Amino acid sequence: MRKYQHPSLKYLRLETLPTPFCAGCGLGIIANCFLKAVEELGFNDLRSFVFCSGIGCAAWIPSPHFKADSIHVTHGRSIPVAVGVKLVRPELNVVVFGGDGDLAGIGLSHLLHAARRNIEITVIMSNNMVYGMTGGQAAPTTPLGIKTTTTPYGNIEYCFNLADLLKSAGASYVARWTTAHPIQLKNSIRKALKTNGFSFIEVISQCPTNFGRRIGKAKPAEMLNWFKENSVSVKKWREEGERETEKFVVGEFIERKKPGFTQMIHVKLGEAQRHE
Ligand SMILES: Cc1ncc(C[n+]2csc(CCOP(=O)(O)OP(=O)(O)O)c2C)c(N)n1
Ligand code: SF4
Ligand SMILES: [Mg+2]
């Protein structure tokens, strides 16, 4: 009898497993959803992909685990590298994985400008609401009032609504889900990979070690229940006037067709050559 092999295993460098993620971390769910989406889209391997990531736990999703070309760069700088790769090799699927600190803290301006240019790359951001790797410091995504190592009496800063911000910046596709919505997340990743422009998916994800423990939800399941019970659809949120809310607003924020940056640059290059 043939031994059952999980379909995603063919995309992984088995010698790099297990991953360094803590038990119950949401990053495994994100990786799993991504590989399931890739499989459903009919890719038998990851040869047509290039993955870029910066620093932080989330940045470890593709590198070194995915059997693909991947670039692990300095903190916050994954997007410029991804943009460079896409400009030189537009036929490749360029995907960035990163954390909220990496992409929305130190790397925020790169993220916004990539969305504004609508460059044809996919960015998947794990939002665990803290700097997980360095011990759970507050990030620009930490909700108001939450206790972290750097906000022991509760955070007094408002956090970004990143999905909304990326929509305003000009991205072609923007969605937000939590790790308690794996089917919706997988379907969004499929859409993002097929988007002919900038696609951004924010995934609210559990960091039981450096976040959950400090907010009284040390068990991963408690965090997943928190996400599930406190999610509201973007449709309902809009109907209710887009008010500031403590809920997790989930769904697709925008899906629109407009030319991407590499497409436009190649048109302009052609025009310039004809005028020489
Ligand atoms: C230039 C620079 N500044 C600070 C750090 C320290 N540092 C490493 S990871 C990290 C934050 C990671 O948080 P996030 O991107 O949210 O990823 P997570 O670990 O939460 O998945 C920081 C500040 C660094 N490596 N380089
Ligand atoms: S510190 Fe948090 S984000 Fe990092 S691997 Fe552990 S649980 Fe996951
Ligand atoms: Mg983080």
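See the structure printed just above.
These numbers were taken from a predicted model, which means no experiment stands behind them.

## Re the overall build of the protein chain
1) Next: Looking only at helices and strands, the protein chain has nine helices and 10 strands in total.
2) Next: Taken over C-alpha atoms, the radius of gyration comes to 19 Å for the protein chain, in line with the 19 Å a tight globule of 276 residues would show.
3) Next: Classification of the 276 residues of the protein chain by burial places 48% in the buried group.
4) Next: The long-range share in the protein chain, meaning contacts at least 24 apart out of those at least 6 apart in sequence, stands at 68%.
5) Next: Roughly 13700 Å² of accessible area belongs to the protein chain as shown, and the carbon and sulfur atoms make up 56% of that amount.

## A look at unusual backbone geometry
1) Next: Between Leu17 and the following residue, Pro18, the backbone shows a cis peptide bond with an omega angle of 0°.
2) Next: Following the sequence through the fold, Pro18 ends up in the segment before α1 (27-40).
3) Next: Phi is positive for Asn118, close to 55°, though the residue is something other than glycine.
4) Next: On the secondary structure map, Asn118 appears in the loop between α4 (108-117) and β4 (122-127).

## Digging into the site of ligand 1
1) Next: Neighbouring residues of ligand 1: 16 residues in total, closest Cys57, Asp100, Gly101, Asp102 and Gly132.
2) Next: A distance of 2.7 Å separates an oxygen atom of ligand 1 from a polar atom in the backbone of Asp102.
3) Next: A distance of 3.2 Å is found between an oxygen atom of ligand 1 and a backbone nitrogen or oxygen belonging to Val130.
4) Next: The protein chains hide 72% of the 590 Å² of surface that ligand 1 would expose on its own.
5) Next: When residues of the shell around ligand 1 are traced back to their parent elements, those giving at least two are α3 (100-106) and β5 (130-131).
6) Next: The element best represented in the shell around ligand 1 is α3, accounting for four residues.
7) Next: A class-by-class count of the residues in the shell around ligand 1 yields seven nonpolar, seven polar and two charged.

## Considerations on the coordination of the magnesium ion (ligand 3)
Six octahedral donors around a metal ideally subtend angles of 90 or 180 degrees, whereas four tetrahedral donors ideally subtend 109.5 degrees.
1) Next: Bound to the magnesium ion (ligand 3) are the protein donor atoms Asp100 (OD), Asn128 (OD1) and Val130 (O), situated 2.0 to 2.2 Å from the metal.
2) Next: Each donor residue of the magnesium ion (ligand 3) lies on the same chain, and together they follow the pattern D-x27-N-x1-V.
3) Next: Note on Asn128: relative accessible area 12%, which makes it buried.

## So, the side chain of Ser53
1) Next: Positionally, Ser53 belongs in strand β1 (residues 49-53).
2) Next: Its relative accessible area of 1% is what places Ser53 among the buried residues.
3) Next: Excluding anything up to four places from it in sequence, Ser53 contacts Ala59, Pro62, Ser63, Ile71, His72, Val73, Ser78 and Phe97.

Cut-offs and rules
Residues numbered from 1 in each chain as written. Chains lettered and ligands numbered in written order. Predicted model: local features only at pLDDT ≥ 70, side-chain atom pairs only at ≥ 80, totals over all residues. Heavy atoms only, no water. Helix = DSSP H or I, 4+ residues; strand = E, 2+ residues; numbered from the N terminus. Rg over C-alpha atoms; globule rule 2.2 N^0.38 Å. Buried < 20%, exposed > 50% of the residue type's maximum accessible area, 1.4 Å probe, protein only. Contact = heavy atoms within 4.5 Å. Areas by Shrake-Rupley, 256 points an atom, 1.4 Å probe, with all protein chains shown as cover. Near = heavy atom within 4 Å. Polar contact = N/O pair within 3.5 Å; in protein donor to acceptor, adjacent residues only side chain to side chain. Nonpolar A, V, L, I, M, F, W, Y, C, P; charged D, E, K, R; others polar. Donors = N, O, S within 2.8 Å, 3.2 Å for Na, K, Ca; no water.

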